[in-house]
Amino acid sequence: MALRREPYVLVVGGSDSSGGAGIARDIETIASIGVRTCLAVTALTVQTHEAVTAIHPLQPDLVADQMRAALQANKVAAIKIGMVATAEIIAAVAAVLRENPHVPAVLDPVLASTSGRALLEAGAIAVMKRNLMPLCRLVTPNLIELALLVGAELAVDEDGAVWQGQGLLAAEAQALLIKGGHASGSRSTDILLRFDQAPVRFDMPRLATSMRGTGCMLASAIAAHLAKASPLEDSVRKGKRFVFENLQKNAAT
């Protein structure tokens, strides 16, 4: 019973049999920050570090029931949402969020795997924008995901990314963190956009290394710090530092 009083992050997402991304990376990240996790699995995937070979979405009602059970069992202080797979699962997740408006949610809009396999069914982007994004405290697209969400070409510079993000913010999102990992240059800059506030940039050296699951890691780290009652901007800063330090360790091994 004592465990129920500790803050939890409810992780909503797909499995990754390789352990490199998805809920495996989420749990690892949140635990290392000292926060407990509970789960709602949206899809089972078969994948290695090189490719996704099969995707099996769960029934939407089962996803929602998992979320409600986790929320009933634990003191859930934040929700991290990753792969949602289908429009029906998006609707089910959104329904539970509407039942729990006091719990901040961080959405990592997982649209495709690193190898290029689609992880969200065709036509579901519009459902995500309309039904899920407005309920989330923060949405964390990379530049490729941002372009797909707004239906535009990939932004070629920071100004273009901010312009795209502001359009998405005005229509669908409460706050947006545009990740700069797919940009070029010696610095990696993430940009936090919120209504009626100037953009906030989180700038760090770009490391000459790559690592699967960094998007999962960042959104999970932010959710973990939100669960510890850190303000949004501080949570983003701490999450960015967490990912940078892990990339440094990866480069050293």
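What you see is a predicted model, and the numbers here were worked out from it, not measured in a lab.

(A) Local environment of the pattern of salt bridges. Taken as a whole and assessed by the stated rule, the structure comprises 10 salt bridges. Here Arg 237 makes a salt bridge to Glu 233, at a shortest N to O gap of 3.3 Å. Taken as a pair, Arg 237 and Glu 233 lie in helix α8 (residues 232-252) at a separation of 4 residues, close to a single helical turn. Accessibility expressed as a relative area gives 25% for Glu 233, which makes it partly exposed.

(B) Molecular detail of the nonpolar core. In terms of nonpolar packing, the biggest core is built from 55 residues, with Leu 10, Ile 79, Ile 81, Val 93, Leu 97 and Leu 132 touching the most fellow members. Top contributing element to this core by residue count: helix α3 (residues 87-99), with 8 residues. The next biggest cluster of nonpolar side chains, apart from the first, holds 30 residues, and it includes Ile 33, Leu 177, Ala 221 and Leu 226.

(C) Structural detail: helix α7 (residues 214-227). Over its 14 residues, α7 extends 20 Å from the first C-alpha to the last, a length consistent with the 20 Å expected when each residue adds 1.5 Å. With 13 of 14 residues buried, α7 lies mostly within the body of the structure. Of the residues one or two after α7, Ala 229 is the one with positive phi, at around 75 degrees.

(D) Highlighting helix α6 (residues 158-171). Taking 1.5 Å per residue as the helical rise, α6 with its 14 residues ought to reach 20 Å, and the 20 Å between its terminal C-alpha atoms agrees with that figure. Restricting attention to buried positions, one finds in α6 the residues Ala 161, Val 162, Gln 164, Gly 165, Leu 168 and Leu 169. Seen end-on, α6 carries its buried residues on one side only, within an arc spanning 165 degrees. Turned more than 90 degrees off the buried face of α6, the exposed positions are Asp 159, Trp 163, Ala 170 and Ala 171. The inward-facing, buried residues of α6 abut α4 (124-132), α5 (143-150), β7 (175-178), β8 (187-194) and β9 (200-205). For α6, the capping residue at the N-terminal end is Asp 157, with a side-chain oxygen 3.4 Å from the backbone nitrogen of Asp 159.

(E) Summary view of unusual backbone geometry. With a phi close to 60 degrees, Asp 196 is a non-glycine residue in the positive phi region. Mapped onto the secondary structure, Asp 196 falls in the loop between β8 and β9. A positive phi angle, near 75 degrees, is found at Ala 229, a position not held by glycine. Residue placement: Ala 229 occurs in the loop between α7 and α8.

Criteria and thresholds
Residues numbered from 1 in each chain as written. Predicted model: local features only at pLDDT ≥ 70, side-chain atom pairs only at ≥ 80, totals over all residues. Heavy atoms only, no water. Salt bridge = Lys/Arg side-chain N within 4 Å of Asp/Glu carboxyl O. Helix = DSSP H or I, 4+ residues; strand = E, 2+ residues; numbered from the N terminus. Buried < 20%, exposed > 50% of the residue type's maximum accessible area, 1.4 Å probe, protein only. Core = buried A, V, L, I, M, F, W, Y, C linked by side-chain atoms within 4.5 Å. Expected span 1.5 Å × (residues − 1). Arc of directions from axis to C-beta. Contact = heavy atoms within 4.5 Å. Polar contact = N/O pair within 3.5 Å; in protein donor to acceptor, adjacent residues only side chain to side chain.

Treat this as a map of the structure, not an account of what it does.
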